[in-house]
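Coordinates in review
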Amino acid sequence: LLVFLSFFFFQAEDGIRDQPRSRGLGDVYKRQVHGDSINLRMGKVVKCQRKGKGSIFKAYTIGRVAPAKFRNLDFAEREGYLRGVVKEIVHDPGRGAPLAQVIFRDPYHFKHRTEYFVAAEGMYSGQYVYVGKKATLSIGNVLPLSAVPDGTVVCNVEGELNDKGQFARASGTSAVVIGRSEEGDKVRIRLPSGDRKTVPAECRAMIGVVAGGGRIDKPILKAGVQWHKFHAKRHCFPRVRPVAMNPVDHRFGGGNHQHLGRPATISRMAPAGRKVGKIAARRTGLVRGGKDAKHFDMQDLKQTFYFHQSHQIAPKKKKKKKK
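Residue positions are counted from 1 within each chain, in the order its sequence is given. Local features in a predicted model are, by the rule used here, given only for residues with pLDDT of at least 70; side-chain atom pairs are given and counted only at 80 or more, and totals for whole chains, interfaces and linings are based on all residues. Only hydrogens and water are set aside when side-chain values are computed; all heavy atoms of the structure are taken into account.

Let's talk about the overall build of the protein chain
If you tally the helices and strands in the protein chain, you get 6 helices and 14 strands. Within the protein chain, buried positions represent 29% of all 323 residues. Contacts between residues were defined by any pair of non-hydrogen atoms, one from each residue, lying within 4.5 Å. If you take every contact in the protein chain between residues at least 6 apart in sequence, the share linking residues at least 24 apart comes to 53%. Here the open area of atoms and residues is found with the Shrake-Rupley method and a 1.4 Å probe, where only the protein chains shown may cover a residue. Entry remark: accessible area of the protein chain is about 23,500 Å², with carbon and sulfur atoms responsible for 55%. Each helix is a run of H or I in the DSSP string that is no shorter than four residues. Each strand is a run of E no shorter than two, and both are numbered from the N terminus. Exposed residues in this analysis have more than 50% of their type's maximum accessible area, buried residues have under 20%, and partly exposed residues fall in between, with area computed by a 1.4 Å probe over protein chains only.

Focus: the packing of aromatic side chains
Geometry of aromatic contacts follows a simple scheme: Phe, Tyr and Trp rings, the Trp one being its six-membered ring, pair when their centres are within 6.5 Å, and the pair is stacked under 30 degrees between planes, edge-to-face over 60, tilted otherwise. Applying the stated rule across the entire model yields 4 aromatic pairs. Between F70 and F117, the ring centres sit 5.6 Å apart and the planes meet at 85°, which makes this aromatic pair edge-to-face. Of this pair, F70 sits in the loop between helix 2 (47-53) and helix 3 (75-79) while F117 is found in strand 5 (residues 112-118), placing the two residues 47 residues apart along the sequence. For the pair formed by F70 and F117, the shared burial category is buried. Ring plane angle 10° and centroid distance 5.8 Å describe the contact between F230 and F237, whose orientation is recorded as stacked. Among the residues examined, F237 registers a relative accessible area of 24% and is labelled partly exposed. Each member of the aromatic cluster is reached from another via a ring pair, and the members are F70, F104 and F117. Cation placement over rings: the criterion is NZ of Lys or CZ of Arg within 6 Å of the ring centroid and within 35° of the ring normal. The lysine or arginine in question, R71, covers the ring of F104, its NZ or CZ lying 5.7 Å from the ring centre.

A look at unusual backbone geometry
A cis amide bond, omega 0°, links F237 with the succeeding residue P238. Along the polypeptide, P238 turns up in the loop between helix 4 (223-231) and strand 13 (265-266). Positive phi, normally seen in glycine, also occurs at N162, with a value near 65°. Structurally, N162 can be placed in the loop between strand 8 (153-155) and strand 9 (175-180). Taking the relative accessible area as the measure of exposure, N162 reaches 27% and is therefore partly exposed. The phi torsion at K164 lies on the positive side, around 70°, for a residue other than glycine. Following the sequence through the fold, K164 ends up in the loop between strand 8 and strand 9.

Re the pattern of salt bridges
For this analysis, a salt bridge means a side-chain nitrogen from Lys or Arg found within 4 Å of a carboxyl oxygen belonging to Asp or Glu. One pass over the structure, following the stated rule, counts 8 salt bridges. K44 is paired through a salt bridge with D249; the nearest N and O atoms lie 3.6 Å apart. Within this pair, whereas K44 is found in the loop between strand 2 (36-38) and helix 2, its partner D249 is found in the loop between helix 4 and strand 13, the two being separated by 205 residues in sequence. The partner of R71 in a salt bridge is D74, and the shortest N-O contact between them spans 3.1 Å. Accessibility expressed as a relative area gives 9% for R71, which makes it buried. Ionic contacts of the salt-bridge type, sharing partners, join the residues R71, D74, E77, E158 and R204 into one network.

Remarks on the confidence of the model for the protein chain
One confidence number per residue, pLDDT, is output by the predictor and ranges from 0 to 100. Per-residue pLDDT for the protein chain averages 83, and the proportion of residues at 70 or more is 76%. In this model residues 11-20 is a low-confidence stretch, pLDDT under 50, and it forms 15 contacts with partners more than four residues away in sequence or in other chains. Across residues 300-314 the pLDDT falls below 50, and counting only partners more than four positions away or on other chains, this stretch makes 4 contacts in the model.

A few points about a negative patch on the surface
A surface patch of like charges, here negative, comprises E182, E183, D185 and E202. Mapped onto the elements, E202 comes out in the loop between strand 11 (196-200) and strand 12 (204-207). Classification of E202 by relative accessible area gives partly exposed; the value is 47%. Note that patches include only residues with greater than 30% relative accessible area and no salt bridge, and the join distances are 9 Å for like charges and 5 Å for nonpolar side chains (Val, Leu, Ile, Met, Phe, Trp, Tyr). The positive count covers Lys and Arg only, the negative count covers Asp and Glu only, and His and the chain ends enter neither. Throughout, a charge is located at the NZ atom of Lys, the CZ atom of Arg, the CG atom of Asp or the CD atom of Glu.

Concerning the nonpolar core
Note on terminology: a nonpolar core comprises buried Ala, Val, Leu, Ile, Met, Phe, Trp, Tyr and Cys residues joined through side-chain atoms within 4.5 Å. If you look at the biggest cluster of nonpolar residues, it comprises 24 residues, and the most contacted ones within it are F117, M123, V131 and M206. Mapped by element, the contributors of at least two residues to this core are strand 3 (81-90), strand 4 (99-105), strand 5 and strand 6 (128-132). Sequence-distant contacts of F117, defined by excluding residues within four places in its chain, comprise K69, F70, R71, P98, L99, A100, V102, F104, V131, V142 and M206. F167, V199, A201 and I207 belong to the second largest nonpolar core, which has 18 residues in total.

Here's the deal with the pairing of strand 3
Whether two strands pair depends on DSSP finding at least two bridges between them. In the sheet, strand 3 pairs with strand 6 via 5 bridges, with the strands oriented antiparallel. What sits directly across from L82, in strand 6, is V131. Judged from the 6 bridges that link them, strand 3 and strand 4 form a sheet pairing that is antiparallel. Each bridged residue has a counterpart across the sheet, and for V85 the counterpart in strand 4 is I103.

This is the structure:
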């Protein structure tokens, strides 16, 4: 009887039962076999690590029309102007703003050039579009910022010379020219976020507001519509909250209650898989003061100071009471 019982309940020194089909606690321990360490714990590549490699998380570019950008800057555009005609307004999958297909005549060869611009509000098929230094100030024309007066509403603004459009490209967005340097080589614009940015005066911009405004006013209503929306962009829907995951799937997963269980901030030098949350955060917490206080720069501060100094109101004199 003792021999029979020891056959089933005896465990070896390394924590593994003699039976090959054992499912005891010893299966999760390390086992020493001929001096070599075999780790029976299997690793897992979490989603934040797999996203960096690409694979199924890449953007769906099949069916896209074309990248939206200005034509290549040449002598004709720097010193004069070129005229193009809007062939049609097309929809680009995965992009909120429509595109304008513009046909130009090549100034140096006997051929036509097809360009795709981000369409401005008010553009239509058959419209003539003028690009260049001497183009007129009208909707859809492309001019350098040195030829655009202050207060003009522009879109698809270049950040550097001949980068073919970088700022204010989303549907319904626009930027405003708010000033320029004394030498005239720099122009200051206000971006859709409210931030100010200084760019070279030779950078080009389109006059007007990007078409497609009000796109987000229509309610989504159901998850199926949201799925089709992101299916045209990339694989990022549905999004599971990290605290709802298991510990093997995310750094914030696990626990009897859904909580982080650790600081949300993480170092920039943390290894992949652990670098989630607020990466290299300079500060955390609620930003006090509202939107106006966050975008309040020194130039606005000086203007406010001079305004109050020039409009200072003298204090009222107290009236003496009559006896």
